[in-house]
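Understanding the architecture of this molecule
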Amino acid sequence: MAHPNRLLNARILALGGTSGIGFGIASFALSQGARVIISGSKQPKVDDKVRELQSLYPNLPTESISGYACDLSDIENMEKNVKELLDKATDNGTKNLDHITHTAGDMFALPTLANLTVSSVLAGFNVRFLTGAILAKHIATGNYMDFSAKSSLTLTSGTNSHKPAPGWSIGSPWGTVVEGLVRGLAVDLKPIRVNCVAPGAIDTPMLQSFLRKASEEDAKRFRGEGNLVGDYGSVVDCAEAFGWSMRDRNVTGVTIRTDGGRILV
């Protein structure tokens, strides 16, 4: 039997798809012949990234890639915004999604034990955890995704949830709670599959922003000694992990690590 391309013509919604890992997922899915909808917080950037993806795959029909803004940082209106996004991505529930990936995150200072506040601790759960929960609520209605092992939702944590770096007492649980949510959702949304990807240091704009604040010596050491492969992971590598979650219909409720062996260092 010839091996099937399980993403061919699949409809995939990539939250956080305008940059970094999310953009890599969108590019990967298009390379497999999927139909991709990306989302980001600002429509002009979404439009720019749709055009960039179209330029990377000029032979694909223009309808293979589209995008809509959804501001996940607007907590008071998050549920309304997410539902509106799902309505747009499915043509008001007439074209169900096969897969949803959620890599969106907000950038803010990581609170230390010395300067944390209640609000600064809770802020880290907003986009990462709450969005996943709201997505699951609407998936559970059956209006946007078929109840089948062919369908999947993939969230994102990080290796600091398993091996916290110094100063990550507060940041570590932001990913850990997502992994707990994934296990619960795998049970409650069955047979829809729910998984989590935990990236290590992946060469993204967010990582580069972090490195600009580090000393040259620390950045060099972080790159060469932070894992077993001696370098940062690429967005291309990380997208493969999300691809596994989408394509393997026997995997659910797990956290997939793509970290170059950081846990073993």
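Residues numbered from 1 in each chain as written. Predicted model: local features only at pLDDT ≥ 70, side-chain atom pairs only at ≥ 80, totals over all residues. Heavy atoms only, no water.

Topic: the overall build of the chain
Short version of the rule: A run of H or I in DSSP counts as a helix once it spans at least four residues, and a run of E counts as a strand once it spans at least two, with each numbered from the N terminus. Our radius of gyration looks at C-alpha atoms and nothing else; its globule reference is 2.2 Å times the residue count to the power 0.38. Between buried and exposed lies partly exposed: a residue is buried under 20% and exposed over 50% of the maximum accessible area for its type, with that area taken using a 1.4 Å probe on protein chains only. In what follows, residue pairs with any heavy atoms lying within 4.5 Å of each other are defined as contacts.
From N to C terminus, the chain includes eight helices and seven strands. Relative to the 2.2 N^0.38 estimate, which gives 18 Å for 265 residues, the radius of gyration of the chain is 18 Å and therefore close to what a compact globule would have. If one aligns the C-alpha atoms of the chain with their principal axes, the spans along those axes are about 50 × 40 × 40 Å. Within the chain, the fraction of its 265 residues that count as buried is 45%. Considering only intrachain contacts with a sequence separation of at least 6, the fraction spanning at least 24 residues in the chain is 75%.

Looking at helix H1 (residues 20–31)
The cut-off we apply is this: A helix is expected to span 1.5 Å multiplied by its residue count minus one.
Under the 1.5 Å per step criterion, the end-to-end length of H1 is 17 Å for 12 residues, consistent within 8% with the ideal 16 Å. Counting buried positions over the 12 residues of H1 gives 11, a clear majority of the element. Residues of H1 that are buried: Gly20, Ile21, Gly22, Phe23, Gly24, Ile25, Ala26, Ser27, Phe28, Ala29 and Leu30. Positive backbone phi, at 85 degrees, marks Gly33, one or two positions downstream of H1.

Some thoughts on the pairing of strand S1 (residues 11–15)
Quick reminder of the rule: Two strands are said to pair when DSSP picks up at least two bridges between them. Convention used here: a crossover is right-handed provided that the path from the first strand, over the helix, to the second strand proceeds clockwise when the strands point away from the viewer.
Burial of S1 is extensive: five of the five residues sit out of reach of the surface. Residues Arg11, Leu13 and Leu15 line one face of S1 and the alternating positions Ile12 and Ala14 line the opposite face, and both faces are buried. Across five bridges, the pairing between S1 and strand S2 (residues 35–40) is parallel. Within the sheet, the bridge partner assigned to Ile12 lies in S2 and is Val36. In terms of handedness, the path from S1 via H1 over to S2 forms a crossover that is right-handed. The pairing of S1 with strand S4 (residues 99–102) spans four bridges and is parallel. Within S4, the position partnered with Ile12 by the bridge is His99.

Points about the UniProt feature "transmembrane region" (unreviewed entry) in the chain
The line we're drawing: UniProt positions are given in the numbering used here, feature names are shortened, and annotations may be inferred rather than shown by experiment.
UniProt's feature table lists "transmembrane region" (unreviewed entry) at residues 12–30, given in the numbering used throughout. Summarising residues 12–30: 58% helix, 21% strand, and an end-to-end C-alpha distance of 10 Å.

Quick word on the environment of Gly230
Within the fold, Gly230 resides in the loop between helix H7 (216–225) and helix H8 (235–247). The class of Gly230 is partly exposed, set by a relative accessible area of 35%. In sequence terms Gly230 and Gly260 are 30 residues apart; their C-alpha atoms lie 8.0 Å from each other.

Comments concerning helix H2 (residues 43–56)
Quick reminder of the rule: For this quantity, the arc is that covered by the directions from the helix axis to the C-beta atoms.
Along its 14 residues, H2 runs 20 Å from first to last C-alpha, staying within 8% of the 20 Å computed at 1.5 Å per residue. Every buried residue of H2 is listed here: Val46, Val50 and Leu53. For H2, the angular spread of buried residues about the axis comes to 65 degrees, placing them on one side. H2 presents Pro44 and Ser55 as exposed residues on the side facing more than 90 degrees away from its buried surface. For H2, the elements touching its buried residues are H1, S2 and strand S3 (65–69).

Structural notes on the environment of Val82
For Val82, the location among the structural elements is in helix H3 (residues 78–89). By relative accessible area, which is 1% here, Val82 ends up buried. Along the sequence, Val82 and Cys70 sit 12 residues apart, while their C-alpha atoms lie 6.8 Å from each other. Setting aside chain neighbours within four positions, we find Val82 in contact with Cys70, Leu72, Ile134, Leu135 and His138.

Description of the pairing of S2
Counted residue by residue, S2 has five buried out of six residues, so it is predominantly covered. Pairing analysis gives five bridges linking S2 to S3, with the strands arranged parallel. Of the residues in S3, the one forming a bridge with Ile37 is Ser66. As for the winding sense of the linkage, the β-α-β connection from S2 through H2 to S3 is right-handed.

A word on unusual backbone geometry
The amide bond that connects Lys190 to the next residue, Pro191, takes the cis arrangement and shows omega of 5 degrees. Tracing the chain through its elements places Pro191 in the loop between helix H5 (171–188) and strand S6 (193–199). At Asn9, a position not held by glycine, the phi torsion is positive, near 65 degrees. Structurally, Asn9 is set in the segment before S1.

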